[in-house]
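Spelled out, the chains give:
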Amino acid sequence: LRGGAGRGWADDWIPPAFLRLPLGTRGLLAVNVLVFVVGAAFPEHPVLGSRASQYALSVKPSAAFEKLPTSFLLESLKAISAAFVHASALHLGVNMMSLVSIGQVIEAAIGTVPFLVLCAQLLGAYTAILFALAGIAHVSPQLSLPALRAKMVGFSCLLFGLFAVEALSQPPGSQGMGRLAVLVAVQYLLFPGSSLLGHTAGIGAGFVYSRGLLAWCDAPRSAVRGLEARIAGWGGLVRA
């Protein structure tokens with residue numbers, strides 16, 4: 001099939017609602033869906049298969065201290081890969097609806113490049129919180145939490161960080177944190193097996209960011225402007 005004048009292949013094959021999303025949110029959504037589709041298409045693959053990826057690409061905080069320094073580096077990388085792995089289509093669907101909801105709001109407010117930098121900062125802070133707790137448990141086993149020995153997957157760690165950033169940016173009395181608490185409660189009513197530790201660490205990462213404790217790793221403004229100029233034609237948003 002061929003589109004009309006001025007139409008490209010994307011207009012024919014990709015849902016318009018997806019193309020209307022800002023570039024950063026769209027890109028994160030696409031990566032999550034692609035990882036899931038590849039796993040479903042090659043279920044027997046030792047790493048990318050739908051079941052294998054939940055083990056090979058998942059993060060287990062306590063494992064970071066088993067064989068230092070190699071295990072720490074490996075689990076740090078897995079903390080990134082685990083965010084893009086989902087246990088089921090329902091797990092993926094709920095997380096992606098949440099990403100569309102909160103992602104485009106924040107991206108519209110701060111721009112595409114700062115939004116992606118924010119996501120990277122939140123993921124780093126989330127990992128640091130998990131590993132700090134695992135380090136404490138390694139030194140003092142009596143303080144260990146069972147959740148630190150569980151394998152974690154899913155984008156919700158980052159989503160709860162984004163929700164926390166949005167809630168903490170609201171003026172006093174706006175009940176942003178109250179809505180976040182309701183969201184956590186609903187999540188556990190719908191998915192009792194969800195990781196409370198992972199979601200709490202995500203909220204903690206959002207708190208750390210909102211208090212300015214990650215400002216030291218902000219991208220240089222000149223670099224942000226340069227990247228924004230490059231992606232403007234791809235649907236990227238630039239903060240005025």
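Procedures and definitions
- Residues numbered from 1 in each chain as written.
- Predicted model: local features only at pLDDT ≥ 70, side-chain atom pairs only at ≥ 80, totals over all residues.
- Heavy atoms only, no water.
- Axes fitted to C-alpha atoms, helices over the stretch in contact; angles between N-to-C directions.
- Helix = DSSP H or I, 4+ residues; strand = E, 2+ residues; numbered from the N terminus.
- Parallel < 35°, antiparallel > 145°, perpendicular 65-115°, else oblique.
- Left-handed = near helix turned anticlockwise from the far one by under 90°.
- Contact = heavy atoms within 4.5 Å.
- Nonpolar A, V, L, I, M, F, W, Y, C, P; charged D, E, K, R; others polar.
- Core = buried A, V, L, I, M, F, W, Y, C linked by side-chain atoms within 4.5 Å.
- Buried < 20%, exposed > 50% of the residue type's maximum accessible area, 1.4 Å probe, protein only.
- Arc of directions from axis to C-beta.
- 1 Å grid on protein atoms, 1.4 Å probe; cavity = no way out; pocket = protein on both sides within 12 Å on 5 of 7 lines; lining within 4 Å.
- Points joined across faces, edges and corners; volume = space filled by probe spheres on them.
- Salt bridge = Lys/Arg side-chain N within 4 Å of Asp/Glu carboxyl O.

Draft legend 1. View of the packing of helix α7 (residues 112-139) against helix α10 (residues 196-210). Two elements in contact, α7 and α10, have axes whose closest approach is 8 Å; the angle formed by their N-to-C orientations is 120°. Compared by their axis directions, α7 and α10 come out oblique. When the axes of α7 and α10 are compared, the crossing they make is right-handed. On α10, the residues that touch L118, Q121, L122, A125, Y126, I129, L130 and L133 of α7 are L197, G198, A201, G202, G204, A205, G206 and Y209. Counted by class, the contact of α7 with α10 contains 11 nonpolar, five polar and no charged residues.

Draft legend 2. Broad picture of the nonpolar core. By size, the foremost hydrophobic cluster in this structure holds 45 residues, and its most contacted members are Y126, F155, L158 and L162. Elements with a minimum of two residues in this core: α3 (23-41), α5 (70-82), α6 (89-110), α7, α8 (156-168), α9 (176-190) and α10. Those residues in contact with L162 that sit more than four places away from it in its chain are I102, I106, F115, L118, C119 and L122.

Draft legend 3. Highlighting helix α11 (residues 221-231). Along α11, the residues that are buried comprise V224, E228 and I231. Down the axis of α11, the buried side of the element spans an arc of 70°, and every buried residue falls inside it. Facing away from the buried side of α11 by more than 90 degrees, the exposed set consists of S222, A229 and R230. In this fold, the buried residues of α11 make contact with α3 and α7.

Draft legend 4. Molecular detail of empty space enclosed by the protein. Across all of its chains, the model carries one cavity of 30 Å³ or more by this definition. Of the volumes computed, that of the largest cavity is approximately 60 Å³. Of the residues forming the lining of the largest cavity, the biggest block, four residues, is contributed by α3. Along the lines of polarity and charge, the residues of the lining of the largest cavity split into five nonpolar, five polar and no charged.

Draft legend 5. Representation of the pattern of salt bridges within the structure. Under the defined criterion, the tally for this structure stands at two salt bridges. Between K78 and E75 there is a salt bridge whose closest N-O contact spans 3.9 Å. Of this pair, K78 and E75 both sit in helix α5, three residues apart, which is roughly one turn of that helix. This pair shows no difference in class: K78 is buried, exactly as E75 is. Between E228 and R225 there is a salt bridge; the shortest N-O distance is 3.4 Å. Residue E228 and its partner R225 are both found in helix α11; the two are separated by three residues, about one turn of the helix. The class of E228 is buried, set by a relative accessible area of 2%.

Draft legend 6. Spatial organisation of the layout of surface pockets. In this structure, the largest pocket occupies an estimated 410 Å³ of space. Considering the residues around the largest pocket, the lining is formed by 24 residues, among which H91, V153, G193, S194 and S195 are closest to the centre. When residues of the lining of the largest pocket are traced back to their parent elements, those giving at least two are α4 (53-56), α5, α6, α8 and α10. The dominant element in the lining of the largest pocket, judged by the number of residues it contributes, is α6, at three residues. Residues that form the lining of the largest pocket fall into these classes: 12 nonpolar, 11 polar and one charged.

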